[in-house]
Structure formats: structure tokens, C-alpha cells
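Here is what each chain is made of, one letter per residue.
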Amino acid sequence: MSCFAERGGIATIAAMALALSACGAGDGPVVPPVQTETKCNGVATSVRALAPFESVVLSGVSAACFALAGGDREYLIMPQLSGETLPYGGYGFRLGDPAPTVTARLDGAEGASPIALSADQLFGGQAQTLDAQARLDALMRRREQAWTPADAPIGERPSLSVSAIPPEPDTMRVFSVLNTLAEVPAYSPVTAKLRYSGSRVLVYLDTLAAASLSASEISAMGAVYDASLVPTVTAAFGDGSDIDANGRVIFLLTPTVNALVSSSACSVSGFVRGFFYSHDLSSTASTSNRGEIFYAYVPDESGRWSCRQTKSDVLSNLPPTFIHELQHMVSFGEHAIERRGVSEEPWLNEGLSHMAEELGSLVFEARFPAPSGRVSPTQIFPDSSAPYITPNVQYSYRYLFSSGIYSITRCAPGTFCSLAERGGTWLFLRWMADHQPAGFFRRLVETNLVGRANLEAAAGRATSSLLGDFAVAVSADSVVGQPRAATPSTMRFGNRNLRRIYKGLFDTFGLLGGVSRPFPIEPLTLAPGASITGTMRPGTFMTYRMRIPAGTPSAVLRMSGTDGSPFPLETGAQVSVLRLP
């Protein structure tokens, strides 16, 4: 038995050209800005003699020219562009000895010949071929981004009241439910009956689908959401808004969600599982339900409303979708409703929702410590947690496999971040949380700050510094041939052993499933006295390995533009260096 519950393969990652095509209109290959040339000949450059497992992040003039001690020493070297003001695009860089012409050139993740990629190829055709759930998610985030405090309803908001008396069992209510994935919204009236009333969740079932779930099934489902999922999200991220003053999240199961995608389109584009719609919090229009609501699809064994949906699939797919969307609900409530600010930037908003999924996994990991709750005792995760954690492991693998293509601190123009970008941001946040005081996620959500300013205020560190240490941690977390405890705890993740987790992914999916090696990072070789060129986006890193032989006292290196011109300070050019044992 493999370590993961299978959720589908990972697409093959194509080679990347030296000059990346970009996604936004007019965003072509980027020519890096230059500044006045400085001397870098090694004569006046102090040699850095790092101890085994010691790391350093070099920035500014230090990154433009530095020397590493030789004498049979090995290093991981990770260049980055951390500047916040850099336009989105692929930036060419050169790393290595400043003197010779480039003697090594590698443009693709596996050394393939350069291929000029279109924006669709580079981002998997995201704008055109998103599955239905992702298309709706993107639409929801765009509408949140378009909202401003000036649009806020006028008048006093009800305060949170967790003791508010819930409706009587079997109460009927008519909801206004979004019924299209088109840019212009349209709504259908839905009559639903209250089938579960908990202290945190109210579950309504559309009367058209009254037979889709039994009373015992709804009761069991509602208990999980009420006792585990909602408390997990609110404890981690905050309470959010409560504009209907009932202290609860409404969970509406309706075939209107199924019908967002036709049965003929379902096999091609997939289907919608569920969503949160900020319209219910930010508008007083008749189409707003004026409350915190999660909309979800229903079992449909006969394919009456769209493609066939089994009861077991619905019951297993909804919890991670719910906890993901609940973070979006809390985030919008805290940023926009409670503080009259703007919604969180998509890259951080999505990263936090993927973190919410992992927190859902941790609920069941704690409930079923190994080897309990597993079909096979060799599984890393219990069966109940796999739907929450496996997709994030997949997406982060894809990011680390080809990190230079993706940014974890912004989304490609016109998108709300690819799955690989979101997986990278999830991993970044996971590492940060492991080294932050308690309440880190609440500090990110219970604020009117957004984006990098929010991240830096919550962490108390500059984004460039965080990126520099993160680039080290993903490789240093466990080093081949060394006990994991040999790596200083400050350079490791907490309870997530990356090499073990990605090895489990490899054992599950393998090459045919798009997971081509047990660990996604395979450093490119950089020889002393040579230079290598590459391309990467702002807000990411690439990884190189250099061994300086016993007979060579040191190696001088420079990070620069491809023509040798130094990057100016505003680009945030920096290099992380880790001495291997």
C-alpha cells in the first residue's frame, strides 16, 4: 500500500527557455536593469569559511561578489530575486566565476534544449483550461478584489453572538444561489430545510434533493464540521464576520451547485464541489443572503442535475473544500467587513486556504496516530487525512521541481495563482509557522494589511530574509546520508519531514503519475571557475551544487545579469549559501 490516497497525477513539467514568455498583456521577456560595474576579481574579496550545516544569505554588493572557502568543501547555492517592485516576468541571471565567458548553460529543469514557451504552455493553459472548480474560485477571488470599502453596506453590523438561538429543526428557508460560471452573475431561488443544527454549523438540504442524504448521514457529516472543521479554522485564523448574528456557518447542499456545469461538459471541465461567495457578506441586494454561507453539491447517483456523483465521493470531497473556502470566508470577513479594508491578495489568500486544508489533515493525524486509521501500517498519513494533505504535497512538489518558473509571493497577471504557485506558498507558510510564535495565521488574517506588508508585519521580518532562509530550509530539512537531527532546528520544518513525504508521493504515483524522482529538488552542478545562466521569476529561487576540490583554496562567484552587469539593489538580488557536511 502506498503512503497517499491517490488523487490524480501531476502533469509533466516542460523545459523552460532562457527568455520566459509571460502571462500578462505586454509582459514579454524581461531585460534586467543594470548598474555600474564593480570589481570582482577575488583579490580583495573576503573568503567565507562556513561550518558544516551553516548557512548565510548574501544580498546587495555581497551577492554581487563573494568567495567560498575550498579545500574539499561542498555547498548549495540558491540565487533569488526578492524585489517587490520588479514587474512580473522571467529574469535572466548569471551565477559563477566573474572572469570567464559562460562555460555552462542550462535552461530547462532536466537539461533539455531551450524551447520557447507560450503563456498557456508555461502555466498549463490556466486562463483557458481551468477546471470548473478552479474557474469558479478565480471568479470569486476577482469579485472580492473588485470590492472596496466604499461598497460596504451602510448601517450597524450585528455583533458576534454564539449563543443566538438557532432556527427550529425542519425550518424552511429560501436562498438565492448563484447558478452560473459566467462573468455576469445570475441566481436561482432554492427552498431548503434545516436538517442539522449544531453550535457552529447549520446544515440545510435543498428540498429537490431531499432523498440524496439520509438523516443519519447528515447528522454524522454535520458533527464533523461542527466539532472539528469550523473550530480548527476559527482557532487558527479568527472568527471572521457574523452579519446574521447567529454564531454559525450555514451549509447549504443544493443541486444548483451540481448544475453549474452541464453533464456534457463535466467529463471535460470537471465539476464544482462548493464555494463561498462574498456577495452574501458585502451586499444588501435582494440576491444576497446576508450571512456566512457555504454552498455545496449533492450526491446525484442518476446524473439528474449534471454528471453522476456518488454519495461516497461527495462525502469525502466536501470536507477539504469546505475548510479551504471557510478560510476565504473568515479572511474576507476580517479584512473587508470587520475592518473595512480590501480583501487579501490572491497569492497569500490562496496559500492560507491551502494551509487550512493541512490543518484539517492534522485533526485526523492526531486522531489516528500511526499505524492506526490506515489501510497499510506503512502509510504516512491516515486514510481520513489524505484528502486534505495529498493535493498540497503534489502541488508543492510541482513547485520545487521547477521552482524558477513559479513565484510564491505573487500570481501571474490575470490569474489567481497556479496550483504549483499555491503549493509553493503553502510550503512557505508551513515553514514560517514552524518558526513563529503562536497566533501567526491569526496575525495574517485579523488585520487590514495585505500582501507582503501583511506577511512582514506578522513575521517581524523582511520578505527577502524569509525567502532566503526558506530556500535553504527546503533542502536542509534532511540531507541525504545524514541524520535529520544533524541539521539545526532553525533550518528544518517542524513535524513535516520533506524527504519522507515526497518519497511517499513518489512511491504512490511514480514516473507515470508525473512524480519522476523521490525528492523534487535536484541541484544543478556549478563548477568552480565556471559560470551558468538561468531564468527565474521574482519571489522564488533556484538551487545549484558546487564542490570545491582539495587543491582549490577558494572559488569566487558573482550573481549578475546574463551579460555580467550587476543587479541594482531594488531588484532584491540575493544568494543563499548552505555548507553541506
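Residues numbered from 1 in each chain as written. Predicted model: local features only at pLDDT ≥ 70, side-chain atom pairs only at ≥ 80, totals over all residues. Heavy atoms only, no water.

A. Focus on the overall build of the protein chain. Secondary structure summary: the protein chain contains 16 helices and 17 strands in total. Going through the 581 residues of the protein chain one by one, you find that 58% of them count as buried. Within the protein chain, counting contacts between residues at least 6 apart in sequence, those at least 24 apart form 75% of the total. If you sum the accessible surface of the protein chain, you get close to 21,900 Å²; carbon and sulfur atoms cover 55% of it. (Helix = DSSP H or I, 4+ residues; strand = E, 2+ residues; numbered from the N terminus. Buried < 20%, exposed > 50% of the residue type's maximum accessible area, 1.4 Å probe, protein only. Contact = heavy atoms within 4.5 Å. Areas by Shrake-Rupley, 256 points an atom, 1.4 Å probe, with all protein chains shown as cover.)

B. Quick peek at the sheet that holds strand E11 (residues 274-276). Pairing is mixed in the open sheet, where six strands are placed in the order E7-E8-E9-E10-E12-E11. The outermost strands of the open sheet, each flanked by one partner alone, are strand E7 (172-178) and E11. Taking each pair of neighbouring strands and ignoring which way they run, the sheet shows an average axis angle of 30 degrees. The pairing of strand E9 (residues 201-206) with strand E10 (residues 249-253) spans five bridges and is parallel. By the bridge assignment for E10, Val203 is matched with Phe251. (Pairing = 2+ DSSP bridges. Axes fitted to C-alpha atoms, helices over the stretch in contact; angles between N-to-C directions.)

C. Layout of the confidence of the model for the protein chain. The share of residues in the protein chain with pLDDT of 70 or more is 85%, and the mean pLDDT across the chain is 86. Note that residues 5-29 has pLDDT below 50 and, in this model, 67 contacts with residues that lie over four places away or in other chains. Per-residue pLDDT stays below 50 along residues 33-37; that stretch engages in 16 contacts with residues further than four places along the chain or on separate chains. (pLDDT = per-residue confidence, 0-100.)

D. Quick peek at helix H15 (residues 463-476). The terminal C-alpha atoms of H15 lie 20 Å apart, and with 14 residues this matches the ideal 20 Å at 1.5 Å per residue to within 8%. Among the 14 residues in H15, eleven count as buried, and that is most of the element. Among all positions of H15, only Thr463, Leu466, Leu467, Gly468, Phe470, Ala471, Val472, Ala473, Val474, Ser475 and Ala476 are buried. (Expected span 1.5 Å × (residues − 1).)

E. Quick look at the sheet that holds strand E17 (residues 573-579). The five strands are arranged E2-E17-E4-E15-E13 in an open sheet whose pairing can be described as mixed. The sheet terminates laterally at strand E2 (55-59) and strand E13 (524-525), the two strands that pair on one side only. Where strand E4 (residues 73-81) meets E17, seven bridges bridge the pair, whose relative direction is antiparallel. Its bridge partner lying in E17, Pro79 is registered against Val575. Lying on the sheet, H15 is in contact with E2, E4 and E17; it crosses E17 at an angle near 35 degrees.

F. Structural detail: the nonpolar core. Phe237, Phe251, Leu253, Phe275 and Phe470 are the most contacted members of the largest nonpolar core, which totals 122 residues. It is helix H9 (residues 311-338) that provides the largest number of residues to this core, a total of ten residues. (Core = buried A, V, L, I, M, F, W, Y, C linked by side-chain atoms within 4.5 Å.)

G. Quick peek at H9. Taken as a whole, H9 carries its principal kink of about 30 degrees at Leu318; the proline Pro319 stands between one and four residues after it. Summarising burial for H9: 22 of the 28 residues are buried, a large majority. (Bend = angle between axes of the 7 residues up to and from the residue.)

H. Spotlight on the packing of aromatic side chains. Summed over all chains, the structure comprises 22 aromatic pairs. Taken together, a centroid distance of 5.1 Å and an interplanar angle of 80 degrees make the contact between Phe294 and Phe322 edge-to-face. Highlighted residues: Phe294 in strand E12 (residues 293-296) and Phe322 in helix H9, separated in sequence by 28 residues. Each member of the pair Phe294 and Phe322 is classed as buried. Here a set of aromatic residues connected by ring pairs shows up, and it is made of Tyr399, Phe428, Trp431, Phe470 and Phe541. Above the ring of Phe519, the side-chain terminus of Arg499 is found at 4.0 Å from the ring centroid. (Phe/Tyr/Trp six-rings, centres within 6.5 Å; stacked < 30°, edge-to-face > 60°. Lys NZ or Arg CZ within 6 Å of the ring centre and 35° of its normal.)

I. Layout of the environment of Ser262. In this structure, Ser262 sits in the loop between helix H6 (255-258) and helix H7 (263-269). For the pair Ser262 and Cys307, spaced 45 residues apart in sequence, the C-alpha separation works out to 7.2 Å. Of the polar contacts made by the side chain of Ser262, one reaches the side chain of Ser264; its length is 3.1 Å. (Polar contact = N/O pair within 3.5 Å; in protein donor to acceptor, adjacent residues only side chain to side chain.)

J. Inspection of the pattern of salt bridges at higher detail. Inspection of every chain in the model, using the stated rule, returns 20 salt bridges. The partner of Glu183 in a salt bridge is Arg142, and the shortest N-O contact between them spans 2.6 Å. With a gap of 41 residues between them, Glu183 in the loop between E7 and strand E8 (187-197) and Arg142 in helix H4 (residues 132-146) connect regions that are remote in the sequence. For Glu183, a relative accessible area of 53% translates into the label exposed. A salt bridge links Asp477 to Arg484; its shortest N-O distance comes to 2.6 Å. The exposure class assigned to Asp477 is buried, which follows from its relative accessible area of 0%. A single salt-bridge network, built from bridges that share partners, covers Glu358, Glu365, Arg430, Asp434 and Arg496. (Salt bridge = Lys/Arg side-chain N within 4 Å of Asp/Glu carboxyl O.)

K. Structural detail: the state of the cysteines. Per the stated rule, a full pass over the model turns up two disulfides. Through a disulfide, Cys266 is tied to Cys307; the S-S separation comes to 1.9 Å. Placement of the pair is Cys266 in helix H7 and Cys307 in the loop between E12 and H9, with a sequence separation of 41 residues. Accessibility expressed as a relative area gives 5% for Cys266, which makes it buried. What makes Cys307 buried here is its relative accessible area of 16%. Put simply, Cys411 and Cys417 are joined by a disulfide, and their sulfur atoms are 1.9 Å apart. Between Cys411 and Cys417, the S-S torsion sits near -95 degrees, and that sign places the bridge as left-handed. Each of the two residues, Cys411 as well as Cys417, counts as buried. (Disulfide = S-S within 2.5 Å.)

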